[in-house]
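# Commentary on secondary and tertiary structure
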Amino acid sequence: MKPIPRHWASVRETRTLADGRELDLTVHGSSDESPQDAERDARDRLETLVASGGPGRWNDPDREYYPDRRLPEELLDELHGPDGELIAAITRNRYGAAVLNTDAVLITDIDLIEPSSLDRAQDPKGSFLSRLFGNAPEPLPAEQIDPDAFGLQGLHRRGDHHARTLALIETFRAQHPQLGVRTYRTRNGFRLLVTGSGLAPRSDGAREFMKQVGSDELYMILCRVHDTYRARLTPKPWRIDVDRFESLGTRLTDDQEHQAWVERYRAASQDVAVCRLLDVSGPAPSTVEQQIIDMHDRAVRPESGLRLA
């Protein structure tokens, strides 16, 4: 995978767009070479943004992240394969959580399908699932799922949206027996680590796989923008009663305020986990894939039994 940039720069300018809007724009640039190159990248990206008509529909300041543009992320750690090649990196995202970045294992997060959405499944204009996920296969009926397959005995009721989501996952596993699939429960959904696919994060094949299991659209865009699959490794700060560190974007990691926040966050994270491992299926991962899985599992504590955050 490409190295995570070590240098970041921001350009802030007020620009008048082709439609007459005057906007205060902030664009971040990055480089692995120098701060000067990062600033050049930021200016190039600003000009591209202005020429394209300005911020798009995803650039809503109320959103948790901006998946259609790169944001500064502090580089925390790197993982290299047996041949010395970079295979994964851990960064700190804009609100402070550690994030795994890799292109060697397909990772996707899945939000639970809400009951209100399932009510539209019988829409005569077409299946809700088929309209939402394109050409994704129809999932198995919820009542045909074996709850024991995911260690969730007693969870499923006929029509339960948890079961419907697991049905998409089980159908995916059945249709792709050549893949290794690790299924995790997250606080608000599921996470899959898929080995053996060989699919690049920006590829149509990766997007199709993610659509088949109902992955979040914003997550898919984020992966394409970063050209890596991404997995949050540590809790969201507000779930453990820690303030969101907005000023983290300054990247001043030696700043006293920064270091104090990191210590508070680490201390509050001790009593929670990010994922719970439910099931492992398919062929064994390669050596490189196992390295990434091990890095992921050390951080998310999938067998700790702790509260998910």
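What comes next is a walk through the structure.

Definitions and cut-offs
Residues numbered from 1 in each chain as written. Predicted model: local features only at pLDDT ≥ 70, side-chain atom pairs only at ≥ 80, totals over all residues. Heavy atoms only, no water. Pairing = 2+ DSSP bridges. Helix = DSSP H or I, 4+ residues; strand = E, 2+ residues; numbered from the N terminus. Axes fitted to C-alpha atoms, helices over the stretch in contact; angles between N-to-C directions. Contact = heavy atoms within 4.5 Å. Buried < 20%, exposed > 50% of the residue type's maximum accessible area, 1.4 Å probe, protein only.

What follows deals with the sheet that holds strand β6 (residues 106–111). The four strands are arranged β6-β8-β7-β11 in an open sheet whose pairing can be described as antiparallel. On the outer flanks of this sheet lie β6 and β11 (276–281), each paired with one strand and no other. On average, adjacent strands in this sheet sit at an angle of 20 degrees to one another, irrespective of strand direction. Here strand β7 (residues 180–186) runs beside strand β8 (residues 189–195); their pairing, made up of seven bridges, is antiparallel. In the strand pairing of β8, Thr186 is matched with Gly189. Lying on the sheet, helix α4 (residues 161–175) is in contact with β6, β7, β8 and β11; it crosses β8 at an angle near 5 degrees.

Before going further, it helps to examine the sheet that holds strand β4 (residues 86–92). Read from one edge of the open sheet, four strands run β3-β4-β5-β9, paired in antiparallel fashion. Whereas interior strands pair on both sides, the edge strands pair on one side only; in this sheet they are β3 (74–80) and β9 (229–232). Taken pair by pair, the neighbouring strands of this sheet meet at an average axis angle of 20 degrees, ignoring direction. Sheet analysis places β4 next to strand β5 (residues 98–102), joined by five bridges and oriented antiparallel. Residue pairing for β5: Arg92 is matched across the bridge by Ala98. Contacting β3, β4 and β5, helix α7 (residues 256–268) runs over the sheet at an angle of about 100 degrees to β4.

Its place among the elements puts Arg298 in helix α8 (residues 287–300). Since its relative accessible area comes to 61%, Arg298 is described here as exposed. Along the sequence, Arg298 and Leu233 sit 65 residues apart, while their C-alpha atoms lie 9.0 Å from each other.

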